[in-house]
Amino acid sequence: MTLSHEELFLRYLHAGAISRDPDAVAALFTEDGVYEAPLQSLRFTGRPAIRDGVAALHRRLPTAGIPDAERSGYILHETLTPDVFIAEIDTVLTHPDGPSTTVALTQIFRVYKSHITLLRDYFQTP
């Protein structure tokens, strides 16, 4: 089954930001896929490293807040290269003991056969 860019992005969003499931995130990548977060100086290569790295990120950022799907949004941009798309995301994070914050992210996806081969995730921690 071939996934559209939006279907793949929504699966990634659900696995990561919503479910916080490192195994599910890693499963969306090719065996030799790469996750990079250049602003955080992070690079994970291969599903096991991606799984472990995403799990570490989730542990490191537990106080960042809970994504508020109703107030968050995204725009996907197709590129001239059919296997590349860009996601612009504005995520509203709610905090149990404080005001909400908005985090802007840009993600560049390179895909092959409905799997991510390279994801560059540009974000700053709140």
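All of the points below concern the structure found in this document.

What counts, and at which threshold
- Residues numbered from 1 in each chain as written.
- Predicted model: local features only at pLDDT ≥ 70, side-chain atom pairs only at ≥ 80, totals over all residues.
- Heavy atoms only, no water.
- Helix = DSSP H or I, 4+ residues; strand = E, 2+ residues; numbered from the N terminus.
- Rg over C-alpha atoms; globule rule 2.2 N^0.38 Å.
- Buried < 20%, exposed > 50% of the residue type's maximum accessible area, 1.4 Å probe, protein only.
- Contact = heavy atoms within 4.5 Å.
- Areas by Shrake-Rupley, 256 points an atom, 1.4 Å probe, with all protein chains shown as cover.
- Lys, Arg positive; Asp, Glu negative; His and termini not counted.
- Charge placed at Lys NZ, Arg CZ, Asp CG, Glu CD.
- Salt bridge = Lys/Arg side-chain N within 4 Å of Asp/Glu carboxyl O.
- Polar contact = N/O pair within 3.5 Å; in protein donor to acceptor, adjacent residues only side chain to side chain.

## Details of the overall build of the protein
Part 1 of the reasoning: On a plain count of helices and strands, the protein comes out with three helices and seven strands.
Part 2 of the reasoning: Counting helices and strands in the order they occur from the N terminus, the protein gives α-α-β-β-α-β-β-β-β-β.
Part 3 of the reasoning: Computed over its C-alpha atoms, the radius of gyration of the protein comes to 14 Å, within 12% of the 14 Å expected for a compact globule of 126 residues.
Part 4 of the reasoning: With respect to the three principal axes, the spread of C-alpha positions in the protein is 45 × 30 × 25 Å.
Part 5 of the reasoning: Expressed as a percentage of its 126 residues, the buried residues of the protein come to 40%.
Part 6 of the reasoning: Summarising the internal contacts of the protein: among those between residues at least 6 apart in sequence, 47% fall at separations of at least 24.
Part 7 of the reasoning: A total of about 7,300 Å² of accessible surface is found on the protein, and carbon and sulfur atoms cover 56% of it.
Part 8 of the reasoning: Charged side chains of the protein number 11 positive and 16 negative; the gap between the two group centres comes to 6 Å.

## Some remarks on the pattern of salt bridges
Part 1 of the reasoning: Under the defined criterion, the tally for this structure stands at seven salt bridges.
Part 2 of the reasoning: Taking the shortest distance from any N to any O, the salt bridge between E31 and R47 comes out at 2.5 Å. Of the two residues, E31 sits in strand β1 (residues 29-37) while R47 sits in helix α3 (residues 47-60), which places them 16 residues apart along the sequence.
Part 3 of the reasoning: Residues participating in the shared-partner salt-bridge network are D23, R51 and D52.

## A closer look at unusual backbone geometry
Part 1 of the reasoning: One non-glycine residue, S41, lies in positive phi territory at about 55 degrees.
Part 2 of the reasoning: With respect to the secondary-structure elements, S41 resides in the loop between β1 and β2 (42-45).
Part 3 of the reasoning: Despite not being glycine, S114 has its phi angle at roughly 65 degrees, a positive value.
Part 4 of the reasoning: Of note, S114 is situated in the loop between β6 (98-112) and β7 (115-122).
Part 5 of the reasoning: The class for S114 is buried, based on a relative accessible area of 13%.

## With respect to the environment of V54
Part 1 of the reasoning: Assignment of secondary structure puts V54 in helix α3.
Part 2 of the reasoning: Assessed through its relative accessible area of 7%, V54 is described here as buried.
Part 3 of the reasoning: Measuring from C-alpha to C-alpha, the distance between V54 and T106 comes to 17 Å, with 52 residues separating the pair along the chain.
Part 4 of the reasoning: With near-sequence residues (within four places) excluded, V54 lies in contact with P22, V25 and F44.

## Description of the side chain of D68
Part 1 of the reasoning: By the secondary structure assignment, D68 is in the loop between β3 (66-67) and β4 (73-78).
Part 2 of the reasoning: According to the relative accessible area criterion, D68 is buried, its value standing at 16%.
Part 3 of the reasoning: There is a polar contact of 3.1 Å between the side chain of D68 and the backbone nitrogen of E70.
Part 4 of the reasoning: With residues up to four places along the chain from it excluded, the contact list for D68 reads V92 and T94.

No statement about biological role is implied by the geometric values presented.
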